[in-house]
Amino acid sequence: MTRETHEPLTLGHRLDGLPHGDGPGPGVRGFEPEHSRTECDVEWWFFQGYYDGQQSGRRHFMVTLFRSTLHVLGAGEANGFQLMVTVLDPRDPAGHQPATWVDPALVRWAVEKMRTAEPHVDAAIWRAYANLIEHEGPPHPIEAKPPVTVFEPSPLRVAWGDFALNQTAEDVALVFHEPGSHRTVSLRLEAAAPRLDVRCGSDVVPLGEGMAYHAYPRVRIGGTIGGAEAVSGECWMDHQWGDTDWFRDAQAGIMLGWDWFGINLEDGTDLLVMRHRDAKSGRPVGMHATERDLAGRTRTVHNFMLVPLRRWTSPDTFIEYPVAWKIEIPDFDAELVFEPLCDDQELASFGTMRAVWEGAGRVEGRIGSRYVCGRARGEFHGYGYVFDHQDFVNQMCRRVDRHLEGLLPRRFDANQVEQLVGPPHWQHDIDAYTEMLSVPVWDLMDRRGRRWRPMFGILLLECLGVRSAPYEGLISCMLEFIHAGALIIDDIEDD
């Protein structure tokens, strides 16, 4: 994609007068050239951190720009783009505000690919998704945007609607709109420590040809929000490029996911922890953890443990994510616990993965004998694939069953009986109630063909843009029990 004849408002114009901060400290090289690697299938630029304003307070943000080389992948156009932005205000009840954009080239390429390639998820889901994006465009809440107006690989310069990115050897200028408030955020980023080259090529992470990974864990921020309010803060910047092997193992025929943590400890230590896994089975296929201490010493290991401590189910996609984790790295003598600032930090993603958990958090624990804590971000990728439609249906059936059992238990206890009929004059015969009521009703309810009515009601609400969670119990019990009762009466009438 090339510059249009009538150049839009550029990032350089938008950042006139933006404060530059204090500049990199002694011995810091600043940003090294990070031009676009257009010869590669895929690359992305990733920024995550926080900015503080006197009126707005602290807001945690993430901005990721993906570029795909479409002519390498079989389409006629050169590049396709996806932009993902999230802002979290911990004081706001609405909390996490996400936005995802895609351009027309990427949508056209996706339709072409899905019409010709072998499905990598359930075939019914694959066909339904292909039909949706071909005729209706990306699913809500993903926004289809006009094409990128400026893309210059070296030095990197991108302009796309209200988003702009401009990188030089000295700094990076970044402009985006806050989802929700729609205020313009204009930031200038300056590296506060040298670049960290993360070793994750095919020799250490056995995923095809691997990826190149440049990270700047400590970046200072200065800028404005809403065109007037000065902000400052800190962020983490990544630039990655390579082929698609991190997303799919073509030889093994499996889709891949990862669990990633970017950690900035208050003592100045930075940690990057990443585990790649088979998205269907959860089996790890590669891992690497890199530490850089305050003196700038770097070491990478490939043996550690990630243990989920708590899971969260999205009310929008029904995807279950592990959101709190224990991180144990024996070679660093490190034990850390990651806790998100809020559980609901899901972000819609274009494609059959549907969504990713991408959120701000905190870590605390120990390294050696010293207590450590700090800022962290987690990215949990690949949990949204539907490999078996029946498994997805069964998961929804279990959701419905939990509501049904809450109203009519499979086996009564004394408290449940009293909730239904009140306290006994003498005593309740719990076993008799179970045998006379619960057993025959659940014998009928457990037969094949049940649950589709409440599932249809739940999904219909979702299709209409209404979160179904507050109504699940009502829909489940009303539809399923009334229908079961009608069947009993009908069977009696039919002898």
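Everything quoted here is computed from the prediction, not taken from an experiment.

Okay, the overall build of the protein next. Tallying secondary structure elements over the protein gives 8 helices and 24 strands in all. Relative to the 2.2 N^0.38 estimate, which gives 23 Å for 495 residues, the radius of gyration of the protein is 26 Å and therefore close to what a compact globule would have. Taken along its principal axes, the extent of the C-alpha atoms in the protein is 85 × 55 × 50 Å. Burial status across the protein gives 53% buried among its 495 residues. Across the protein, contacts joining residues at least 24 apart in sequence account for 60% of those joining residues at least 6 apart. Surface exposure of the protein reaches about 23,000 Å², of which carbon and sulfur atoms provide 53%. Charged side chains of the protein number 48 positive and 74 negative; the gap between the two group centres comes to 3 Å.

For the α-helix, the turn length of 3.6 residues means that residues three or four positions removed from each other point alike. Between its first and last C-alpha, helix α3 (residues 123–135) extends 18 Å over 13 residues, near the 18 Å set by a 1.5 Å rise per residue. Among all positions of α3, only Trp126, Tyr129, Ala130 and Ile133 are buried. Down the axis, α3 shows its buried residues gathered within 100 degrees of arc, on one side only. Among the exposed residues of α3, those oriented more than 90 degrees off its buried face are Arg127 and His135.

Between His140 and the following residue, Pro141, the backbone shows a cis peptide bond with an omega angle of 10 degrees. Structurally, Pro141 is set in the loop between α3 and β5 (143–144). Ser154 connects to Pro155 through a cis peptide bond whose omega is -5 degrees. Positive phi, close to 65 degrees, is recorded for Phe318, a residue that is not glycine. Judged by its relative accessible area of 10%, Phe318 is buried. Even without a glycine there, the phi angle at Arg354 is positive, about 75 degrees. Among the secondary structure elements, Arg354 is positioned in the loop between β22 (346–348) and β23 (355–367).

Attention shifts here to the nonpolar core. Counting residues in each nonpolar core, the largest one holds 47 residues, and the members touching the most others are Trp44, Tyr213, Trp246, Trp260, Leu272 and Phe350. Secondary structure elements with two or more residues in this core: β1 (42–53), β2 (57–69), α2 (104–116), α3, β12 (211–225), β15 (254–265), β16 (270–278) and β22. At 7 residues, the largest contribution of residues to this core is made by α2. Contact partners of Trp246, with chain neighbours within four places excluded, come to Trp44, Cys200, Leu207, Gly210, Met211, Tyr213, Gln240, Leu256, Trp258, Met274 and His276.

On to the confidence of the model for the protein, then. Low pLDDT means the predicted coordinates in that region are not meant to be read closely. Mean pLDDT for the protein: 88, with 93% of residues reaching 70 or above. Across residues 1–28 the pLDDT falls below 50, and counting only partners more than four positions away or on other chains, this stretch makes 61 contacts in the model.

Any two side chains of opposite charge can pair, so long as their charged atoms come close to each other. In this structure the tally under the stated criterion is 41 salt bridges. Across the pair Glu405 and Arg410 runs a salt bridge whose closest N-O atoms are separated by 2.8 Å.

This part covers the side chain of Glu346. Within the secondary structure layout, Glu346 lies in strand β22. Of the side chains bearing the opposite charge, Arg467 lies closest to the buried Glu346, which forms no salt bridge; the N-O distance is 6.6 Å. Looking at Glu346, its side chain comes within polar contact range of the side chain of Thr317, at 2.6 Å.

In this section: the pairing of strand β17 (residues 284–292). Remember that side chains alternate between the two faces of the sheet whenever the strand is regular. The buried fraction of β17 is high, at 8 of 9 residues. In this structure, the hairpin formed by β16 and β17 is closed by a connection of 5 residues, where Gly282 is found at a positive phi of approximately 80 degrees. Judged from the 4 bridges that link them, β17 and strand β18 (residues 298–301) form a sheet pairing that is antiparallel. Residue pairing in the sheet places Thr290 in a bridge with Thr300 of β18.

The subject of this paragraph is the packing of aromatic side chains. Any aromatic ring pair is given by two values, namely how distant the centres are and how the planes are angled relative to each other. This structure, assessed with the given rule, holds 24 aromatic pairs. Measuring from centroid to centroid gives 5.4 Å for Trp325 and Phe380, while their planes differ by 40 degrees, and the two rings are tilted. With Trp325 in strand β20 (residues 320–329) and Phe380 in strand β24 (residues 370–381), this pair connects stretches of sequence that are 55 residues apart. By relative accessible area, Trp325 is classed as buried at 0%. Phe380 sits in the buried class, given a relative accessible area of 0%. Clustering of aromatic rings is evident, with ring pairs tying together Trp44, Phe66, Tyr213, Trp246, Phe247 and Trp258. A cation sits over an aromatic face here: Arg37 above Trp241, 4.1 Å from the ring centre. When the ring centre of Tyr383 is taken as reference, the NZ or CZ atom of Arg277 above it lies at 3.9 Å.

Our focus in this paragraph is the environment of Val102. Mapped onto the elements of the fold, Val102 is located in strand β4 (residues 96–102). With residues up to four places along the chain from it excluded, the contact list for Val102 reads Phe81, Gln82, Val107, Pro138, Ile142, Glu143, Ala144, Lys145, Trp160 and Phe350.

The next point concerns the packing of helix α6 (residues 430–445) against helix α8 (residues 472–493). One can describe the packing of α6 onto α8 by two numbers: an axis separation of 11 Å at closest approach and a directional angle of 100 degrees. The angle between α6 and α8 places the two elements in the roughly perpendicular class. Contacts between α6 and α8 involve Val441, Leu444 and Met445 from the first element and Glu480, Phe481, Ala484 and Ile488 from the second. For the contact of α6 with α8, a count of residues per class yields 6 nonpolar, no polar and 1 charged.

This brings us to the pairing of β23. Burial runs high along β23: 10 of the 13 residues are buried. Note that strand β21 (residues 334–340) and β23 share 7 bridges and pair antiparallel. When the sheet's bridge partners are listed, Ala334 is paired in β23 with Ile367. Pairing of β22 with β23, which is carried by 3 bridges, proceeds in the antiparallel orientation. For Glu346, the partnering residue across the bridge sits in β23 and is Trp357. Two elements, β23 and β24, share 11 bridges in a ladder whose sense is antiparallel. Bridged to Gly361 within β24 is Ala376. As consecutive antiparallel partners, β23 and β24 are separated by 2 residues, and within that stretch Gly368 has a phi angle of approximately 65 degrees, a positive value.

Reading guide: rules and limits
Residues numbered from 1 in each chain as written. Predicted model: local features only at pLDDT ≥ 70, side-chain atom pairs only at ≥ 80, totals over all residues. Heavy atoms only, no water. Helix = DSSP H or I, 4+ residues; strand = E, 2+ residues; numbered from the N terminus. Rg over C-alpha atoms; globule rule 2.2 N^0.38 Å. Buried < 20%, exposed > 50% of the residue type's maximum accessible area, 1.4 Å probe, protein only. Contact = heavy atoms within 4.5 Å. Areas by Shrake-Rupley, 256 points an atom, 1.4 Å probe, with all protein chains shown as cover. Lys, Arg positive; Asp, Glu negative; His and termini not counted. Charge placed at Lys NZ, Arg CZ, Asp CG, Glu CD. Expected span 1.5 Å × (residues − 1). Arc of directions from axis to C-beta. Core = buried A, V, L, I, M, F, W, Y, C linked by side-chain atoms within 4.5 Å. pLDDT = per-residue confidence, 0-100. Salt bridge = Lys/Arg side-chain N within 4 Å of Asp/Glu carboxyl O. Polar contact = N/O pair within 3.5 Å; in protein donor to acceptor, adjacent residues only side chain to side chain. Pairing = 2+ DSSP bridges. Phe/Tyr/Trp six-rings, centres within 6.5 Å; stacked < 30°, edge-to-face > 60°. Lys NZ or Arg CZ within 6 Å of the ring centre and 35° of its normal. Axes fitted to C-alpha atoms, helices over the stretch in contact; angles between N-to-C directions. Parallel < 35°, antiparallel > 145°, perpendicular 65-115°, else oblique. Nonpolar A, V, L, I, M, F, W, Y, C, P; charged D, E, K, R; others polar.

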